Amino acid sequence: MKLSSPEFRAMQSLPRKLGQRYFEMPMFQRMGLDLRDKDVLEIGCGSGYGAYLLSSLEPKSYIGLDVMEEQIALAQKQFSQFQFIVQGAEDLSQFANASKDVVIIFGVLHHIPDWRKAIDEIARVLKPGGSLFLEEPRGVDIKIFDAFFRWGHPDTDFGLNALDAHLTQRGLVIQTKQWTPLLTMYHITK
Ligand SMILES: C[S@@+](CC[C@H](N)C(=O)[O-])C[C@H]1O[C@@H](n2cnc3c(N)ncnc32)[C@H](O)[C@@H]1O
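(A) Molecular detail of the packing of aromatic side chains. Across all of its chains, the model carries ten aromatic pairs by this definition. For the ring pair Tyr-62 and Phe-82, a centre distance of 6.1 Å and an interplane angle of 65 degrees mean the geometry is edge-to-face. With Tyr-62 in strand S2 (residues 61–66) and Phe-82 in the loop between helix H4 (69–78) and strand S3 (83–86), this pair connects stretches of sequence that are 20 residues apart. Residue classification places Tyr-62 among the buried positions, given a relative accessible area of 10%. Pairing Phe-145 with Trp-151 gives two aromatic rings, centres 4.7 Å apart and planes at 70 degrees, and the pair type is edge-to-face. Chaining the aromatic ring pairs together yields one cluster made of Tyr-49, Tyr-52, Tyr-62, Phe-79, Phe-82 and Phe-84. Sitting over the face of the ring of Tyr-49, Lys-17 holds its NZ or CZ atom 5.7 Å from the ring centroid.

(B) Up close: the site of the ligand. Looking at the ligand, there are 21 residues lining it, with Met-1, Arg-16, Gly-44, Asp-66 and Gln-71 nearest. Taking Met-1, its main chain carries an N or O atom lying 2.7 Å from a nitrogen atom of the ligand. Between the ligand and the protein, one listed contact pairs an oxygen atom with a side-chain N or O atom of Gln-71 at 2.9 Å. In isolation the ligand offers 590 Å² of accessible surface; the protein chains occlude 96% of this area. At the level of secondary structure, the elements contributing two or more residues to the shell around the ligand comprise helix H1 (5–11) and helix H2 (14–30). Looking at side-chain class alone, the shell around the ligand contains nine nonpolar, eight polar and four charged residues.

(C) How the structure looks around the sheet that holds strand S6 (residues 173–179). Taking strand neighbours across the sheet as the criterion, the seven strands line up as S3-S2-S1-S4-S5-S7-S6 in an open arrangement whose pairing is mixed. The sheet is open, and its two edges are formed by S3 and S6, each paired on a single side. Pairwise comparison of adjacent strand axes, ignoring direction, gives a mean angle of 15 degrees for this sheet. Alignment of strand S5 (residues 126–136) against strand S7 (residues 184–189), held across six bridges, turns out to be antiparallel. Bridging from a neighbouring strand, Ser-131 pairs with Thr-189 of S7.

(D) Expanded view of the pattern of salt bridges. For the structure on display, the rule yields 13 salt bridges. The salt bridge partner of Asp-101 is Lys-127, with a shortest N-O separation of 3.2 Å. Here Asp-101, found in strand S4 (residues 100–106), pairs with Lys-127, found in strand S5; they are 26 residues apart in sequence, far enough to count as distant. With relative accessibility at 16%, the residue Asp-101 sits in the buried group. With a relative accessible area of 26%, Lys-127 lands in the partly exposed category. Put simply, Lys-177 and Asp-164 hold a salt bridge, and the shortest N to O gap is 2.6 Å. A residue pair is termed long-range when its members are at least 10 positions apart, and Lys-177 in strand S6 and Asp-164 in helix H7 (residues 160–169) qualify at 13 residues. Exposure remark for Asp-164: the relative accessible area of 15% places this residue in the buried category. Because the salt bridges share partners, they merge into one network encompassing Asp-39, Lys-60, Asp-101 and Lys-127.

Thresholds, definitions, all that
- Residues numbered from 1 in each chain as written.
- Predicted model: local features only at pLDDT ≥ 70, side-chain atom pairs only at ≥ 80, totals over all residues.
- Heavy atoms only, no water.
- Phe/Tyr/Trp six-rings, centres within 6.5 Å; stacked < 30°, edge-to-face > 60°.
- Helix = DSSP H or I, 4+ residues; strand = E, 2+ residues; numbered from the N terminus.
- Buried < 20%, exposed > 50% of the residue type's maximum accessible area, 1.4 Å probe, protein only.
- Lys NZ or Arg CZ within 6 Å of the ring centre and 35° of its normal.
- Near = heavy atom within 4 Å.
- Polar contact = N/O pair within 3.5 Å; in protein donor to acceptor, adjacent residues only side chain to side chain.
- Areas by Shrake-Rupley, 256 points an atom, 1.4 Å probe, with all protein chains shown as cover.
- Nonpolar A, V, L, I, M, F, W, Y, C, P; charged D, E, K, R; others polar.
- Pairing = 2+ DSSP bridges.
- Axes fitted to C-alpha atoms, helices over the stretch in contact; angles between N-to-C directions.
- Salt bridge = Lys/Arg side-chain N within 4 Å of Asp/Glu carboxyl O.

Structure representation (structure tokens):
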């Protein structure tokens with residue numbers, strides 16, 4: 001779903017970029033994120049800062065997708081060297097089965113009412129042995145956050161227990177799961 005105006009503004013802010021650069025990327029790297037010569041898909045790429053950070057790891061290819069036209073327009077303007085498309089994660093039919101080495105998500109599934117469908121699609125496009133790096137807030141923290149900051153997250157049944165159950169049901173294996181105060185970070189393999 002589209003972001004509310006306050007969240008959209010927050011996603012373009014310097015604190016968001018600093019967090020992604022100095023906290024989330026290093027954590028994913030400690031969990032094994034390695035993109036050299038890999039085909040990479042970023043889900044919910046926002047305005048493209050993730051593409052900029054991920055490109056330093058020298059992937060073979062990178063595509064970022066996001067459901068919001070406004071985000072993709074910003075991404076294309078700021079980082080024209082990378083490929084971005086307007087697309088919802090629930091339908092990855094333009095990508096072949098087993099075509100991606102790594103899928104990466106910086107805090108997106110909790111915005112998708114049918115987040116299970118997005119997981120199903122990711123499982124389909126990942127190569128056997130491929131990796132999903134994923135970070136999401138806990139369901140309870142989203143509710144507390146919205147009470148204070150009024151970002152208006154969609155009312156979904158997303159939560160980490162439900163996520164873990166669905167990953168397992170799809171045959172995906174949680175290699176590492178690390179809680180931090182704002183986000184829980186995962187390395188998952190197919
Ligand atoms: C919290 S923002 C995170 C943006 C970026 N990954 C970052 O870390 O700054 C969530 C992003 O998910 C996108 N999004 C929401 N629903 C989506 C969907 N169904 N498919 C793909 N992207 C979606 C939003 O437009 C937004 O850019």
